[in-house]
Amino acid sequence: MIDPAPALLTTAWPGLALVGPGLDLQSSFTSTLEEFGLSQAAAHLLWLPLPMLLVLVAAVVGVLVNVWLERKISAAVQQRIGPEYAGALGVLQPMADGLKLLFKEDVIPKRADGLLFTLGPVLVLVPVILSWLVVPFGQNLLISDVGIGVFLWIALSSIQPIGLLMSGYASNNKYSLLGGLRAAAQSISYEIPLALAVLAVVMMSNSLSTVDIVNQQSGAGILSWNIWRQPVGFLIFWICALAECERLPFDLPEAEEELVAGYQTEYAGMKFALFYLGSYINLVLSALLVAVLYLGGWGFPLPVEWLAGALGQSVDAPLVQVITGSLGIVMTVLKAYLLVFIAILLRWTLPRVRIDQLLDFGWKFLLPIALVNLLVTAGLKLAFPSFFGG
Amino acid sequence: MTIASVTQLICFVALSLTLVLGALGVVLLPNIVYSAFLLAGVFLSVAGLYLLLNASFVAAAQVLVYVGAVNVLILFAIMLVNKKEAMAEIPGLLLRRVLSGAVCLGLFLLLLRVDLTTPWAVPGPTPLGEDATTLIGIHLFSDYLLPFELASVLLLMAMIGAIVLARRDVYSSDVITGEAADQGLIEKERTPLLLESPPRDTTLLEKV
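Model, not experiment: these values are computed from the prediction.

K.L.:
Please clarify how the overall build of chain A should be interpreted in this entry.
P.N.:
When its secondary structure is counted, chain A shows 16 helices and zero strands. Rg of the C-alpha trace for chain A: 22 Å, near the compact-globule value of 21 Å for 390 residues, within the 12% margin. Along the first, second and third principal axes, the C-alpha atoms of chain A reach 65 × 60 × 50 Å. Within chain A, counting contacts between residues at least 6 apart in sequence, those at least 24 apart form 77% of the total. Surface exposure of chain A reaches about 17,300 Å², of which carbon and sulfur atoms provide 73%. Averaging the coordinates of the 18 positive side-chain charges in chain A and doing the same for the 25 negative ones gives two points 11 Å apart.

This is the structure:
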């Protein structure tokens, strides 16, 4: 019998699974519904979509912020002003972009394969959104703390190339097909060093679960973050994540000078918007996972226990729990957007690599380095178990 | 019936339907690209069935290996060679189809008989849940070490074979026939490296 995944979305004090009785939103929601005469199972069923919907909305809002940042930062890099008239400082510009795409005509080329053409963007977007399942914003602030955690993300991200190949093939266009093939080749090549970098972190924390990985870094605030123990792994992961997101300097699949727009060439309207959305959600997701794996996740640079102790407060007090929970969300998002900022800055300052350089870099440089990093981590873990996880 | 069991039943029926219909489509569809994409669907529904059996690590590994690697490579191969032309007529195609259909039907009937006569232990062993990952690791490095290492040797052989086949042009002579291989950097003729090399068209080389 399968157990429905415990969908918790409660404010809790990070570092401790204890939740104040008034703060467990799930139990108060279901008990309220049960007072109206619903069965426990039905109340649970009504609760289940709420955290998912919240995370979906958060992902889409994250994309809107991301698009605005991209426009503003690129403008700053090029000494322009950027969007200015849509809302204050142009904050409504992403909404305008989205609405424009929504009202555009949905063109399917006459000689294209209609079914695969429609299915391709969907297959690109769905795995990316599914991966948000394992992103923690706090001790209990995630949809599901599945045991396979980051491995689920790696597995799901490997579905994406199929969608890219599908749309590249269905467009019936040389540039699209080449773009799709490049995307798949790039994605497969960079998945291996990425997985090896994750493996080194997993080895230190003895768990694939994202919550356990963050908890393992929460001992001494900023000093215990994985970035100090895994500097090479951090760089490998970040480079591979950029390559997986097809961001410059690795945006070969849609290199406009060579391939028009790669697999997106024939797409317009909402189908194009799905690609757009998928790539930006993927960028935010990668930044969040870098924050979780290497930058201490929801942890504050100073441990919150010390802060609460210095102020003479008990960490179990409801108010303190609310504050620390909110602080956890703010810290996660802050770290992620710091990385997004670096990604955008990289995009607008670096030239694109060539396809042979890209593949050489992935197979002949990153892969051996990632293997050595794994070996060194294993050695250090056995030699210094107190610093590198016992 | 609780809501959880109804959900499980619906998931099982949906996954099984996609699995069976997808597998039939893989075999029966004339368009090889559709077959390859449907194969990805079949692999995904198998992963879904593993999830229903509480084997989440196996399900994720199934997605990673079969959908993310094997199927993408199949698609790669198809898209690099797909010429969109009708296949050549094979003599006695109908007879071949009837014969292979009969063999498949026989196998299906045999398996159906096995399914109906075997006393299955219901319910099966209790699922391990999250501990499965650790246990798989322990088994792979203790009692299943030899098969695990043999599989890696097999993969190494396949890799070397692929490199030899793909990089024939770096050898001075053809690996199979022993003839001198075409080393020119200009666009090659269609079949200079295969068993029957046609007489070289030297006029083309001179023109270039």
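There's more to say after this.
K.L.:
I'm lost on the overall build of chain B in this one. Help?
P.N.:
Scanning chain B for helices and strands turns up seven helices and zero strands. Traced from its N-terminal end to its C-terminal end, chain B shows the element sequence α-α-α-α-α-α-α. Burial statistics for chain B: of 208 residues in total, 18% are counted as buried. Taking the intrachain contacts of chain B between residues at least 6 apart in sequence as the baseline, contacts between residues at least 24 apart amount to 35%. Carbon and sulfur atoms provide 74% of the accessible area of chain B, an area that totals close to 15,500 Å².

K.L.:
Where do I start with helix α16 (residues 355-383) of chain A in this structure?
P.N.:
Each turn of an α-helix holds 3.6 residues, which means side chains three or four residues apart point in the same direction. Residue and element names in this part refer to chain A. Along its 29 residues, α16 runs 40 Å from first to last C-alpha, staying within 8% of the 42 Å computed at 1.5 Å per residue. Its axis deflected by about 35 degrees at Leu 366, α16 carries its strongest bend there, up to four residues before the proline Pro 368. Here α16 has its buried residues at Leu 358, Gly 362, Leu 366, Leu 367, Ala 370, Asn 373, Leu 374, Thr 377 and Lys 381. Considering only its buried residues, α16 is in contact with α8 (174-205) and α11 (231-244).

K.L.:
What is the right way to read a negative patch on the surface from this model?
P.N.:
Residues Asp 145 and Asp 212 of chain A together with Glu 130 and Asp 131 of chain B make up a contiguous surface patch of negative charge. Judged by its relative accessible area of 34%, Asp 212 of chain A is partly exposed.

K.L.:
How should the packing of aromatic side chains be read in this particular structure?
P.N.:
The relation between two aromatic rings is expressed through the spacing of the ring centres and the mutual angle of the planes. All names here are of chain A. In total, this model carries 13 aromatic pairs over all chains according to the counting rule given. Taking 4.1 Å as the distance between ring centres and 0 degrees as the angle between the ring planes, the aromatic pair formed by Phe 117 and Tyr 267 counts as stacked. Linking Phe 117 in helix α5 (residues 114-130) with Tyr 267 in the loop between α12 (256-259) and α13 (269-294), this pair joins segments that are 150 residues apart in sequence. Each member of the pair, Phe 117 as well as Tyr 267, carries the same accessibility label: buried. Taken together, the ring pairs connect Phe 117, Tyr 263, Tyr 267 and Phe 275 into an aromatic cluster.

K.L.:
Even after reading the chapter, I still don't get the interface of chain A and chain B, so can you show me in this structure?
P.N.:
Often the size quoted for an interface is simply the accessible area lost on bringing the parts together. Across the contact, 29 residues belong to chain A and 31 residues belong to chain B. For the pair chain A and chain B, the two sides together bury roughly 2,500 Å², of which 79% comes from carbon and sulfur. At the surface where chain A touches chain B, the tally comes to zero salt bridges. Taken together, the links from chain A to chain B amount to one residue pair in polar contact (both at pLDDT 80 or more). Broken down by secondary-structure element, the contributors of at least two residues to the side of chain A that touches chain B are α2 (40-47), α6 (149-157), α7 (160-170) and α8 of chain A. With six residues, the top contributor of residues to the side of chain A that touches chain B is α8 of chain A. Class assignment of the residues belonging to the side of chain A that touches chain B gives a composition of 24 nonpolar, three polar and two charged.

K.L.:
Just to check I follow, could you spell out the pattern of salt bridges for this structure?
P.N.:
Charged atoms that come close allow side chains of opposite charge to pair. Residue and element names in this part refer to chain A. Across all of its chains, the model carries seven salt bridges over all chains by this definition. We note a salt bridge from Asp 106 to Lys 271, for which the minimum N-O separation is 3.0 Å. Taken as a pair, Asp 106 in the loop between α4 (93-103) and α5 and Lys 271 in helix α13 lie far apart in primary sequence, 165 residues in all. For Lys 271, a relative accessible area of 7% translates into the label buried. Note that Lys 364 and Asp 360 form a salt bridge whose closest N and O atoms lie 3.4 Å from each other. You can see Lys 364 and its partner Asp 360 sitting in helix α16, four residues apart, about one turn around the helix.

K.L.:
Any chance you could explain empty space enclosed by the protein here in plain terms?
P.N.:
Here the idea is plain: a probe the size of a water molecule rolls over the atoms and shows the empty space left. Residue and element names in this part refer to chain A. A complete count under the given rule lists five cavities of 30 Å³ or more for this structure. In this structure, the largest cavity encloses a volume near 80 Å³. No other element matches α13, which puts four residues into the lining of the largest cavity. Grouping the amino acids of the lining of the largest cavity by side-chain chemistry returns five nonpolar, four polar and two charged.

K.L.:
What am I meant to see in a nonpolar patch on the surface here?
P.N.:
Together, Leu 9, Phe 12, Val 13, Leu 17, Val 20, Leu 21, Leu 24, Val 27 and Leu 28 of chain B make up an exposed nonpolar region whose accessible area comes to about 900 Å². The class for Leu 24 of chain B is partly exposed, based on a relative accessible area of 46%.

K.L.:
Please clarify how the environment of Val 67 of chain A should be interpreted in this entry.
P.N.:
Residues and elements named next belong to chain A. With respect to the secondary-structure elements, Val 67 resides in helix α3 (residues 49-77). Along the chain, Val 67 and Gly 297 lie 230 residues apart, while their C-alpha atoms are 23 Å from each other. In contact with Val 67, not counting residues within four places along its chain, are Pro 94, Asp 97, Tyr 276 and Tyr 280.

Cut-offs and rules
Residues numbered from 1 in each chain as written. Chains lettered and ligands numbered in written order. Predicted model: local features only at pLDDT ≥ 70, side-chain atom pairs only at ≥ 80, totals over all residues. Heavy atoms only, no water. Helix = DSSP H or I, 4+ residues; strand = E, 2+ residues; numbered from the N terminus. Rg over C-alpha atoms; globule rule 2.2 N^0.38 Å. Contact = heavy atoms within 4.5 Å. Areas by Shrake-Rupley, 256 points an atom, 1.4 Å probe, with all protein chains shown as cover. Lys, Arg positive; Asp, Glu negative; His and termini not counted. Charge placed at Lys NZ, Arg CZ, Asp CG, Glu CD. Buried < 20%, exposed > 50% of the residue type's maximum accessible area, 1.4 Å probe, protein only. Expected span 1.5 Å × (residues − 1). Bend = angle between axes of the 7 residues up to and from the residue. Patch = residues over 30% accessible without salt bridge, like charges linked within 9 Å, V, L, I, M, F, W, Y side chains within 5 Å. Salt bridge = Lys/Arg side-chain N within 4 Å of Asp/Glu carboxyl O. Phe/Tyr/Trp six-rings, centres within 6.5 Å; stacked < 30°, edge-to-face > 60°. Buried area = accessible area lost by both parts, 1.4 Å probe. Polar contact = N/O pair within 3.5 Å; in protein donor to acceptor, adjacent residues only side chain to side chain. Nonpolar A, V, L, I, M, F, W, Y, C, P; charged D, E, K, R; others polar. 1 Å grid on protein atoms, 1.4 Å probe; cavity = no way out; pocket = protein on both sides within 12 Å on 5 of 7 lines; lining within 4 Å. Points joined across faces, edges and corners; volume = space filled by probe spheres on them.

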